[in-house]
Every structure is written in structure tokens, then in C-alpha cells.
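# Summary of structural features
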Amino acid sequence: MYVCLCHGLTERDVRGAIDQGCRSVASVYKHLADKPQCGKCVGDVRCMIRAACNTNHNASHAVPLGAVAQAEA
């Protein structure tokens with residue numbers, strides 16, 4: 001799906017930039033060598049960044065399988 005029609009950026013493009021460590025709309029566009037033009041995509045890119053950060057945050061706090069059983073022993 002297209003996220004930015006002005007530059008033809010897709011979800012895959014934006015997710016790739018986020019996967020490479022971009023954590024702001026500006027850094028995503030800098031990574032993709034573009035600048036927001038009309039600004040309609042900014043909210044969507046921001047939501048994608050937040051979703052990725054929330055997913056990474058939850059995964060980093062996951063308890064390894066078997067850790068509770070080992071701690072109780």
C-alpha cells in the first residue's frame with residue numbers, strides 16, 4: 001500500500017527505514033532521501049513508527065521460556 005503518494009513510498013519502504021533504526025518522520029524521509037511534500041503521509045508514518053516501537057518494547061521485556069521455572073527452583 002502506498003503511504004506517500006507524492007514520492008511513491010510504500011509501506012515496505014517505510015517499514016524498511018524503521019527496521020534500519022529510524023524513529024522519527026524526519027529520519028524516515030532522510031533515510032529514503034526524500035522530504036515530506038504535502039504532509040498527508042506524516043500521520044501514517046508516525047503511527048507506523050509508534051507501532052514498531054511498541055512491538056520492539058514489548059518484545060524486549062518478554063520473559064524467556066522457562067525463566068520462571070528456573071527462578072522458582
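Just above, that's the structure.
This text gives an overview of the structure that appears in the document. In this text, all values refer to a predicted model and were calculated from it rather than measured experimentally.

Our next topic: the overall build of the chain. Across its full length, the chain carries four helices and two strands. Helices (α) and strands (β) of the chain occur, in sequence order from the N terminus, as β-β-α-α-α-α. Looking at the chain residue by residue over its 73 residues, the buried ones come to 22%. Across the chain, every contact between residues at least 6 apart in sequence was considered, and the portion connecting residues at least 24 apart equals 43%. When the accessible surface of the chain is summed, it comes to about 5,400 Å², and 54% of that surface belongs to carbon and sulfur atoms.

Take the environment of Leu-5 next. Here Leu-5 lies in the loop between β1 (2–4) and β2 (9–10). A sequence separation of 33 residues divides Leu-5 from Cys-38, and the C-alpha atoms of the two residues are 9.3 Å apart.

On to the nonpolar core. Counting 16 residues, the largest nonpolar core has Val-14, Ile-18, Val-28, Tyr-29 and Val-45 as its most contacted members. Where this core is concerned, the elements lending two or more residues are β1, α1 (11–19), α2 (25–31) and α3 (42–60). Top element by residues in this core is α3. It accounts for five residues. Discounting residues that sit within four places of it in the chain, Val-28 has contacts with Val-14, Ala-17, Ile-18, Cys-22, Val-45 and Ile-49.

Here is what the cut-offs are and how they apply
Every residue gets a number counted from 1 within its own chain, in the order that chain's sequence is written. Residues qualify for local features only when their pLDDT is at least 70, as the model is predicted, and side-chain atom pairs are given and counted only at 80 or more; totals for whole chains, interfaces and linings, by contrast, use all residues. Based on all heavy atoms of the structure, the side-chain values leave hydrogens and waters out of the count. Secondary structure elements are taken from DSSP: a helix is a run of H or I of four residues or more, a strand is a run of E of two residues or more, and numbering for both begins at the N terminus. Only protein chains enter the accessibility calculation, which uses a 1.4 Å probe; a residue whose area is less than 20% of its type maximum is buried, one above 50% is exposed, and one in between is partly exposed. Throughout, a residue-residue contact means that at least one pair of heavy atoms, one from each residue, lies within 4.5 Å. To measure how exposed things are, a 1.4 Å probe is used in the Shrake-Rupley method; for residues, cover is taken only from the protein chains shown. Residues belong to one nonpolar core when they are buried, are Ala, Val, Leu, Ile, Met, Phe, Trp, Tyr or Cys, and are joined through side-chain atoms within 4.5 Å.

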